[in-house]
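Structure assessment
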Amino acid sequence: MPVPPASLEAGRNQHSSTKILKEMLREVPPDALKILGVTDRDLCIPILTYVFGEAQLGGTVGVVSLARLRQEFHGLAPNRPLFLERARKESLHELGHTFGLIHCKSRECVMYLSNTVGDVDAKGRNFCRYCHTMMAYNAGKRGEP
């Protein structure tokens, strides 16, 4: 689906991730478990300068911005493997929120809070054992990670 024009915060030249989520909710198929939107647009929420993404905690939809995950955004040469790794981490992070996970205290976990792209690079690429177990439980599955 296209990025909703009403999500543009013109004064910031960014898009409201919350407004995008609201539009996404209108398009969710009845049989969908979760929906993750991925955009090249720079995202924001009122209280933060930017966000890498946003998701409904325990809900159905989440959105990830690729804009600040690209090296080029920061004036550096492109690095596709690094970009893909960042996109993977932030996608898993937002999907984790839709399964009811909050930010994890473990730097090794993909649910660790990322305020900067350096934080994205430093955190783990998978769910820690606790977050994996909680996500499986919240999804109605029981068992070992």
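**Comments concerning the environment of threonine 60**
Within the element layout of this structure, threonine 60 appears in the loop between strand 6 (53–55) and strand 7 (61–65). Relative accessible area serves as the criterion here: at 23%, threonine 60 is assigned to the partly exposed category. The sequence separation of threonine 60 and lysine 22 amounts to 38 residues, and the corresponding C-alpha distance is 11 Å. The contact partners of threonine 60, leaving out residues within four places of it in the chain, are Val28, Leu33, Lys34, Ile35 and Thr98.

**Quick word on the environment of leucine 36**
For leucine 36, the position within the fold is in strand 3 (residues 35–39). Using a relative accessible area of 26% as the deciding quantity, one classes leucine 36 as partly exposed. The spatial distance from the C-alpha of leucine 36 to the C-alpha of histidine 132 is 19 Å, given a sequence separation of 96 residues.

**Observations concerning helix 1 (residues 17–26)**
Three or more residues of helix 1 are buried, namely Ser17, Ile20, Leu21 and Met24. Within helix 1, the buried residues cover an arc of 100° as seen down the axis, which keeps them to one side. Those residues of helix 1 that are exposed and angled more than 90 degrees off the buried face are Lys22 and Arg26. Structurally, helix 1 contributes buried residues whose contacts are with strand 2 (14–16), strand 3, strand 4 (43–45), strand 5 (48–51), strand 6 and strand 7.

**Brief notes about the pattern of salt bridges**
One pass over the full model with this rule turns up 7 salt bridges. Note that lysine 19 and glutamate 9 form a salt bridge whose closest N and O atoms lie 3.2 Å from each other. Residue lysine 19 is found in helix 1, and its partner glutamate 9 is found in strand 1 (residues 8–9); the two are separated by 10 residues along the sequence. Classification of lysine 19 as partly exposed rests on a relative accessible area of 37%. Residue class for glutamate 9 comes out partly exposed when judged on its relative accessible area of 25%. For arginine 68, the salt bridge goes to aspartate 42, with nearest N and O atoms at 2.7 Å. Taken as a pair, arginine 68 in the loop between strand 7 and helix 2 (80–98) and aspartate 42 in the loop between strand 3 and strand 4 lie far apart in primary sequence, 26 residues in all. Since its relative accessible area comes to 15%, arginine 68 is described here as buried.

Quick notes on the rules
- Residues numbered from 1 in each chain as written.
- Predicted model: local features only at pLDDT ≥ 70, side-chain atom pairs only at ≥ 80, totals over all residues.
- Heavy atoms only, no water.
- Helix = DSSP H or I, 4+ residues; strand = E, 2+ residues; numbered from the N terminus.
- Buried < 20%, exposed > 50% of the residue type's maximum accessible area, 1.4 Å probe, protein only.
- Contact = heavy atoms within 4.5 Å.
- Arc of directions from axis to C-beta.
- Salt bridge = Lys/Arg side-chain N within 4 Å of Asp/Glu carboxyl O.

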